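Geometric and topological summary
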Amino acid sequence: MTSFWRTYLLVEAIMRSKIGARKIHLLFICIGYVSSFQIISTHIGTFHPFTKRGSIVIPGSTESLHNIYNLERFQSVHNENIVWHSKSLIISELKSTVSPIWDTEKYDDELVNSRKNYSDSSDTSVGMDKSHNQNENSEDFLASSFKIVKQKSELSPKLVILESRSIELLESTATSIDSNWINEVRYHMNEWARSRSLHGALMVEKFIERVIHEKRENDRCKKDFSNRKNKSDLNNEFSFDEEQKQEEDYLKNREKYEILNNYPDTNMYNMVIKGWAKSGEEYAPLRAESILNEMELSTDPLVQPDIISYSTVLAAWARNRSTPGAIGRAESLVRRMEHNTESRPNTSSYNTLITAWARCATRDNEKGAIRAEEFLRQMSQLYDDDGKVESKPDVRSYTAVICGWTRCGNFDRAELILRNMEENGETRPNALAYNCVLSSLCRENLTCRADALLRHMLNRCESGNTDSRPSTMIFNTVMASWSGSAQEDAAERALDLFTTMQSHYEGHPEFYEESRPNIFTACRVIEAFSRSGRKDSAHLAMEAHDMMINLYKQGRNDELKPTANSFNELLQAWAWSGDINAAVNCEAIFNVMMSRYENGDIECRPNGQSYDAYIDAVGRCGEEGSAKQADELLSTIERLYRNCGGQIDFEPSNRSYRSVIEAWCRSGEEGCALRAEERLLQLEQFYADGGNDEMKPDARCYASAIDAWARSGETGAANHAEGLLKRMEMMYMSGNFDAKPDEFHYTSVLYALARSGEEGAPLRAEAILNRMESFHENKVKNDEEMPSNVSEENSELGDVEHDKDRNAVMDVRPNTLTYKAVILAYTKSKDPGASHRAESILRRMENRYSTGQFDVKPDLFCYTSVLHSIARSDDIDGPIRADAILKRMESIYKESNGVSVKPNGYLYSIVIKAWSASSRKDGAIMAESLLFKLIEKYFESGKDDNLKPTTSSFNGVMSAHSKNFGEGSALRAESVLNKLVELWAQLDYDSDVMPNVQSFMTCIKAWSRSGDSSGPERAELLLKKMQKLSSERGCYRLKPDMPVFNSVICAYAHSGRRVDGKLEEAEELLARMHEPSEDGKNIAKPDTFTYNTLIKYYSSDPHTLGEAERLLEQMIKLCKDKNEYCYPSGFSFATIINAYARSNNSYSAKRAQHILHRMVNLYKSGGHDVLKPDKVFYTSVINAWANSGDPDAGSKSEKLLAEMHTLYDQGNESMKPNIKSYNTVLLTHTRSGKDGINKAYELLQSLECAEDKDINPNTVTYNMLIDAITPFNDEDGANLAQKMLYKMERRKREGNNCAPDLTTYSLCIKAFSQCKAKYSATKAQCLFDHMISTYESSGNQDIRPNWRVCTLVIDAWRRSNDTEKAIRAREMLLLMIKYYEGGNTSIAPNLGTYNAVLLCCVHTNGAVQHKLAALDIAYKSFQELVKSKYGNPNDVTYSTFLRACNNLLPAGDASRISIASAIFKRCCKDGQVSPDVIIEFKRAVPSETFKTFLGKNAERYGKMKNKINLQLLPKEWTCNLRT
């Protein structure tokens, strides 16, 4: 359409410039564009409607048409001088603006035929052109049109028969034309005109063309006969016989001539107009109007247009809803009729125009209704002023205007017109007028108003106005509105209306026959109850159904016979009721339907809708197995459908599948999401295999399946949900608009991703959010670019083609729920930057809300989630960001005058928690200040409960002070506690701010960790305060329990105050816990944790291990006395065993083994399962022997290992030795000298051959042995370590868990670094290169190089005799910098690395060039260190560099003196002058230079470091020295 408009305007411009008219005319003859013919006609001649071929009409203005037809007309339109060249140009232009009814593949043949037809046409009689040539057997224009027109649908059987007879009539010879032929032609034209198709319109034209052709032939024969006769009379050229023959021929055809003299007439032309008007084609109205125009311009009285002609064209324009300006054309036609005395518009004409304007009315544009009412007033004025009865407004006129105002939503105006009609006796409103308002009110859910109007109709009817008697359909419209209304009493109002209908019918059955309730009415009452939302809705619906059955049984209304539909509504009522017995009741109703059907009541046969409701009820009941039962019912429908041969009554519908999918979604059973998706796929396949539209999967089906995956929590659920969403997008973009995903689908997928916890799920969720925003932005952009070429009166129609394109654009506008889901995904994520991403999403919401997108308003959940995410993050700036968000909320709330989210106490508590849990030094102080700010706001707001601080907030602040370990932190924590107690009392002991056990325990722990000498006493005072508050307030929540006492004991234990090695105060408190109180009950009995606390602190000192053993024995004694609270645990024994294992002496190992055997014996004598020894205890004792230094430690550890095997063989599964146990034994051997190392190596070999994979040597095993080899500093040991490394790699390739790690490589490199072999440094470098190559090829992070292993390689080069050691060290340094800048932060060089490089330079020997190269490397490395971020030079750096100058430059060398002097100056400036620096500087420079720097004290500094007194130096020279 758009391309034609451009061509249309181009042609008009060309025509106005007077160039190329005939060539452009030729192009549009082939295309058939009427409007272009109208333009061209103003320049080259007359346009005749029947000379074009299947034209498409683009409307122009009516005024333009008048101007065109008033111009001087010529007869040269089809002059043979038309240039028929440039056929290729015509076809190429045609293909760029192809008419939808043309077949471009047939252009070549059609151009030839049309050339003949147009060249043979020269007669311009009444509105028609001759294009039929029977003598040459050429196809006429309409025949060729039938070839190229694309039929929209197949002809009906009736029209097929009609077409065959029509062809016979058209092909009949001229001699067969008589009155019967004319009558049959008229009949066929009428039938084709009523066919409502383009084919019919063309057939009508074909008939009238044949009639015109025959009339022209007859006129030509008559004219020839008259000319010959006149000529023969004058010249006597013809013989008598010839004259006689001509006269006989004339008399023979005289009847035909007389018949054709009366045709074609106006009636025939009206049929042509009617055919086009009813064809439904977009260009039909203009085609019809062009014929009407030709009739007006004709001088033939037989074809003058009458009122029917005008009315038909008027109706065509009025019904055309796709062409902009159509109603304007209709209105212009009425104006023409008003100026035509022969065919003035009547009431029907005005009604047609009023109806057209009324249809254009919309809520956004009332012009249609206003124009309709203006014409109504014009009709009334014509009738009142001029007495024109033919234009008197009738009921239809008023009804159309009423409809226009109802379409605008102006019901007050519509009802006002209705009241005026009631007051006007001549045009009283009928039921249709009322129904127009009623139906509109119901559509707008103004049911109360509709109900009142309906009862007003009844009152008027009872008053004698029978025209306003409402029909059953009107009642049912209001009933349907009540059934869908959200009003509380909607069901009762519907039932009351039903009762009113029945009472009126029973009172006057004959008068209210058309108003009695029927089964549809009853169904609406049942539906109203089922949708009422009441708990007893289904019961009330059943009562209404029973009432209907009783009315039918009593014979009071035979229209109320129950049917499947009524039972279906009842089933649906139970399905929506939520009643626990809904499924049971549905089953009973279903059985009643089956019973009635089996007894012969066909109308009660259950159908697909019955099964749908039954399945829905079962699926909604929520009982265990309900989803499976619903699934089985669906399978039953499928089986019935197949068995009954595909009868539509049993075809499973979209709702059946949807109910089952939703049932699986609600069930929560394992695999429910997969079953839901399987049913969705079955529905898709069912529809694809030929199912009807009822089987088409819609968005709700997909929503349920997506929701099922979102709720399932199964692995991969988010992937399944996202896959379904993408499938919906593809289906929608391919044209299935029922599957259009909306915000709910996207949000469900986002929540599935948020719940999944999968890596990368938040990023995928944000990508979906971005896609939604992109979809919406594209939609907005598409709407802004929508063409504005639609006339105002037809703006509701728009451009149909553009609407189709616009529908293909996805429009899903993210809302608050969408953003909340993405924020939730980031909140649950453990990624480091998750809190930042969540905060950025929140900022996007705030920005969009501030620009007017009010459906993206951040709510309390959004802020809470983001603050939680920040509070849980390890970001050092997290509390600052959280505090900024809180302040921004306060600012936004203040600026919005209370519209935005108001920060509440919970949000403050989250930010307080963020400050409390942070590692910032000011975290506790900031948390405390924010807490006090919250308290202040609480009282300023008049004690608003939303701003009330909670106990948890106070506890968080106290916890922050407790962890601070700073001076006064315990005191600040206690002050916060006092503030909490004070606030509790101030708020009448409100439970929300009541201190609890945790509050006091936090403060007690703060004093315990404070290091204050009075800390334990302050902790005990808090304990006593708890006891006092508990007794005074009778509050159980403040009663100190064992953990509180344990915390106080910990405080005394932390203090370290011992008397004769004992924790006296702690043990006194322990004794008090054993003593009963005055009421005979213990304060708080000590438990295992109490004793373990003291054991732990006694075990921390090797000198008090005896006290730990004493407490353990005391626990064992209490256990034997049946004290269940003090039963010794594995921790009790393990603490003492581990303490002895750390003591590094033979006695400790023996005591550890004694404790172990004590534990074993106690367990064997019936001890608790917690005392059951396992391999961990034995491994700890073996570790004690490994650290003991005992020469027999190896054999004793072997005995313990054998004991473990014995216990394991006796059935103690926990005693099975693992590789860690063997590694500890191996460690014991490696610490026993070379003989022990040999035994360790033998043990390693036995482990390598072991069949049990659990004790195959791992990386730690080999590393232990390699570490034992390296201290010997010999080449054999280093080579053996290297062989073991290669062995580890080989065994790893064989599938063993012994891959060498960074420690392995470091130990081997260290072994070569410490041995004095010739090529040890080279071997160390090769090992390092091998590690780098393996790391880069495998990506194994266990061998990721760090600065330590690189420094070992540099140290290996330092120890070597290689003359290029400095170069190699420098290369290693540069390699470290390269890897660090590439992202490996662990390999960053440090000060030690640079010092090692300088040492390599110091120890460089060889030729002068080697030394100079080393000095250059030393200088570059030093300068690089000074400028780098890896550290600052210290005294070792300066002394080492000076040593390099001394060793690499000859004494007395000028450069040596200048370099040393410059370095010493910098060292003094940096405050790093140490004894080593002074000694090396003294060596580097002459004595005079040294005296110049050191002054009078220069002689006091000798060559020995211990003789140098740094106090004699300026303080700034030594201010930065290491202490």
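The text that follows walks through the structure, step by step, so that each part is easy to find. Starting from 1, residues in each chain are numbered consecutively following that chain's sequence as written. Two thresholds apply to this predicted model, a pLDDT of at least 70 for residue-level local features and 80 or more for giving and counting side-chain atom pairs, whereas whole-chain, interface and lining totals are computed over all residues. To obtain the side-chain values, all non-hydrogen atoms of the structure were used and water was disregarded.

**With respect to the overall build of the protein**
Numbering of helices and strands runs from the N terminus, with a helix taken as a DSSP run of H or I at least four residues long and a strand as a DSSP run of E at least two residues long. Each helix and strand counted, the protein has 70 helices and zero strands in total. Looking at the 1523 residues of the protein, the share that counts as buried comes to 52%. Looking at the protein alone, contacts between residues at least 24 apart form 68% of all its contacts between residues at least 6 apart. Entry remark: accessible area of the protein is about 71100 Å², with carbon and sulfur atoms responsible for 49%. Buried, partly exposed and exposed residues are distinguished by accessible area as a fraction of the type maximum, computed with a 1.4 Å probe on protein chains only: under 20%, between the cut-offs, and over 50%, respectively. Throughout, a residue-residue contact means that at least one pair of heavy atoms, one from each residue, lies within 4.5 Å. What sets the accessible areas is the Shrake-Rupley method with a 1.4 Å probe; for residues, cover comes only from the shown protein chains.

**Re the packing of helix 49 (residues 1064–1074) against helix 50 (residues 1088–1099)**
Running from N to C, helix 49 and helix 50 point in directions that differ by 165°, and their axes come no closer than 11 Å. Taken together, the axis directions place helix 49 and helix 50 in an arrangement best described as roughly antiparallel. You can see that helix 49 and helix 50 cross each other, and the crossing is left-handed. Here helix 49 contributes Ala 1066, Glu 1067, Leu 1070, Met 1073 and His 1074 to the contact with helix 50, which in turn contributes Thr 1090, Tyr 1091, Leu 1094 and Tyr 1098. The residue classification treats Ala, Val, Leu, Ile, Met, Phe, Trp, Tyr, Cys and Pro as nonpolar and Asp, Glu, Lys and Arg as charged. All others, Gly included, are polar. Here the residues of the contact of helix 49 with helix 50 sort into six nonpolar, two polar and one charged. The axes used here are C-alpha line fits, helices contributing only the stretch in contact, and every angle between their N-to-C directions lies in the interval 0 to 180 degrees. These descriptions rest on fixed angle ranges, namely under 35 degrees for roughly parallel, over 145 for roughly antiparallel, 65 to 115 for roughly perpendicular, and the rest for oblique. Less than a right angle of anticlockwise turn of the near helix away from the far helix marks a crossing as left-handed, whereas a clockwise turn marks it as right-handed.

**A word on the nonpolar core**
Side chains of a nonpolar character, in soluble globular proteins, are inclined to be buried together. Each nonpolar core is a collection of buried residues, namely Ala, Val, Leu, Ile, Met, Phe, Trp, Tyr and Cys, held together in the definition by side-chain atoms within 4.5 Å. If you look at the biggest cluster of nonpolar residues, it comprises 403 residues, and the most contacted ones within it are Met 189, Trp 276, Phe 1133 and Phe 1328. With nine residues, helix 10 (residues 198–235) is the largest single contributor of residues to this core. Those residues in contact with Phe 1328 that lie beyond four places of it in its chain are Ile 1309, Pro 1345, Val 1349, Cys 1350, Val 1353, Met 1372 and Leu 1375.

**Structural notes on the packing of aromatic side chains**
Aromatic ring pairs are described here by two measures, namely the spacing of the ring centres and the angle between the planes. Stacked, edge-to-face and tilted are the three classes for Phe, Tyr and Trp ring pairs, Trp counted by its six-membered ring, which pair at centre distances within 6.5 Å; planes under 30 degrees apart are stacked, over 60 edge-to-face, the rest tilted. Considering all chains together, one arrives at 17 aromatic pairs under this definition. Considering the side-chain rings of Trp 984 and Tyr 989, the 4.8 Å spacing of their centres and the 90° angle between planes classify their relative orientation as edge-to-face. A residue is classified by how much of its surface remains accessible, and Trp 984, at 2% relative accessible area, is buried. You can call Tyr 989 partly exposed: its relative accessible area is 36%.

**Examining the environment of Glu 444**
Turning to its location among the elements, Glu 444 is positioned in the loop between helix 21 (431–443) and helix 22 (447–462). Considering only alpha carbons, one finds Glu 444 and Thr 406, 38 residues apart in sequence, at a separation of 9.8 Å. Glu 444 has contacts with Arg 363 and Phe 411, leaving out every residue within four places of it along the chain.

**Some details on unusual backbone geometry**
With a phi close to 60°, Lys 943 is a non-glycine residue in the positive phi region. Position of Lys 943 among the secondary structure elements: in the loop between helix 43 (923–940) and helix 44 (951–964). In this structure Lys 943 comes out as partly exposed when scored by relative accessible area, which is 41%.

**As for the pattern of salt bridges**
The term salt bridge refers to a pairing of a side-chain nitrogen on Lys or Arg with a carboxyl oxygen on Asp or Glu at a separation within 4 Å. Throughout the structure, instances matching the rule amount to 87 salt bridges. Arg 210 serves as the salt-bridge partner of Glu 214, at 2.8 Å between the closest nitrogen and oxygen. Placement of both Glu 214 and Arg 210 in helix 10 is noted, with a separation of four residues, approximately one turn of the helix. Note on accessibility: Glu 214 and Arg 210 belong to one class, buried.

**Quick look at helix 58 (residues 1259–1269)**
With respect to burial, helix 58 is a largely interior element, nine of its 11 residues being buried. Here helix 58 has its buried residues at Thr 1259, Thr 1261, Tyr 1262, Asn 1263, Met 1264, Leu 1265, Ile 1266, Ala 1268 and Ile 1269.

**Brief notes about the state of the cysteines**
In plain terms, two cysteine sulfur atoms within 2.5 Å form what is called a disulfide here. For the structure shown, the criterion picks out one disulfide. The disulfide bridge from Cys 403 ends at Cys 436, spanning 2.3 Å between sulfur atoms. Of this pair, Cys 403 sits in helix 19 (residues 395–408) while Cys 436 sits in helix 21; the two residues are 33 residues apart in sequence, bridging distant segments of the chain. Using a relative accessible area of 7% as the deciding quantity, one classes Cys 436 as buried.

**With respect to the side chain of Thr 1002**
For Thr 1002, the location among the structural elements is in helix 46 (residues 997–1010). With a relative accessible area of 10%, Thr 1002 lands in the buried category. In this view, Thr 1002 contacts Asn 955, Met 958, Ser 959 and Ser 962; residues no more than four positions away in its chain are not counted.

**A word on a positive patch on the surface**
Note on patches: the residues involved have over 30% relative accessible area and no salt bridge, like charges join within 9 Å, and the nonpolar side chains Val, Leu, Ile, Met, Phe, Trp and Tyr join within 5 Å. Asp and Glu are treated as the negative residues and Lys and Arg as the positive ones, with His and the ends of the chain left uncounted. Where a charge lies is defined by one atom per residue type: Lys uses NZ, Arg uses CZ, Asp uses CG and Glu uses CD. On the surface, a cluster of positive charge is contributed by Arg 196, Arg 319, Arg 359 and Arg 396. If you trace the backbone, Arg 196 turns up in the loop between helix 9 (179–193) and helix 10.

**With respect to the packing of helix 15 (residues 307–319) against helix 16 (residues 326–338)**
Contact geometry of helix 15 with helix 16 gives a least axis separation of 8 Å together with a crossing angle of 160°. Between helix 15 and helix 16, the interaxial angle falls into the category roughly antiparallel. Note that helix 15 runs across helix 16; the crossing there is left-handed. Contacts from Ile 307, Tyr 310, Val 313, Leu 314, Trp 317 and Ala 318 in helix 15 reach Ala 326, Arg 329, Ala 330, Leu 333, Val 334 and Met 337 in helix 16. Of the residues contributing to the contact of helix 15 with helix 16, the split by class is 11 nonpolar, no polar and one charged.

**Focus: the environment of Leu 1029**
The residue Leu 1029 is located in helix 47 (residues 1015–1033) in this model. Overall, the relative accessible area of 12% leaves Leu 1029 in the buried class. Not counting residues up to four positions away in its chain, the partners in contact with Leu 1029 are Val 981, Trp 984, Phe 1000, Gly 1034 and Leu 1038.

**Digging into the side chain of Asn 351**
Secondary-structure assignment places Asn 351 in helix 17 (residues 347–359). Once you skip the residues sitting within four places of it in the chain, Asn 351 turns out to touch Met 379, Asp 394, Arg 396 and Ser 397.

**Thoughts on the environment of Gly 578**
Mapped onto the secondary structure, Gly 578 falls in the loop between helix 27 (564–577) and helix 28 (582–598). Remark: the alpha-carbon pair of Gly 578 and Arg 620, spanning 42 residues in sequence, is separated by 7.2 Å.

**Considering helix 44**
An α-helical turn contains 3.6 residues, so any two residues separated by three or four positions project in the same direction. For a helix, the expected span equals 1.5 Å multiplied by the number of residues minus one. Under the 1.5 Å per step criterion, the end-to-end length of helix 44 is 20 Å for 14 residues, consistent within 8% with the ideal 20 Å. For helix 44, the buried fraction is high: 10 of the 14 residues fall into the buried class. Its buried side turned inward, helix 44 meets helix 42 (905–917), helix 43, helix 45 (969–986) and helix 46.

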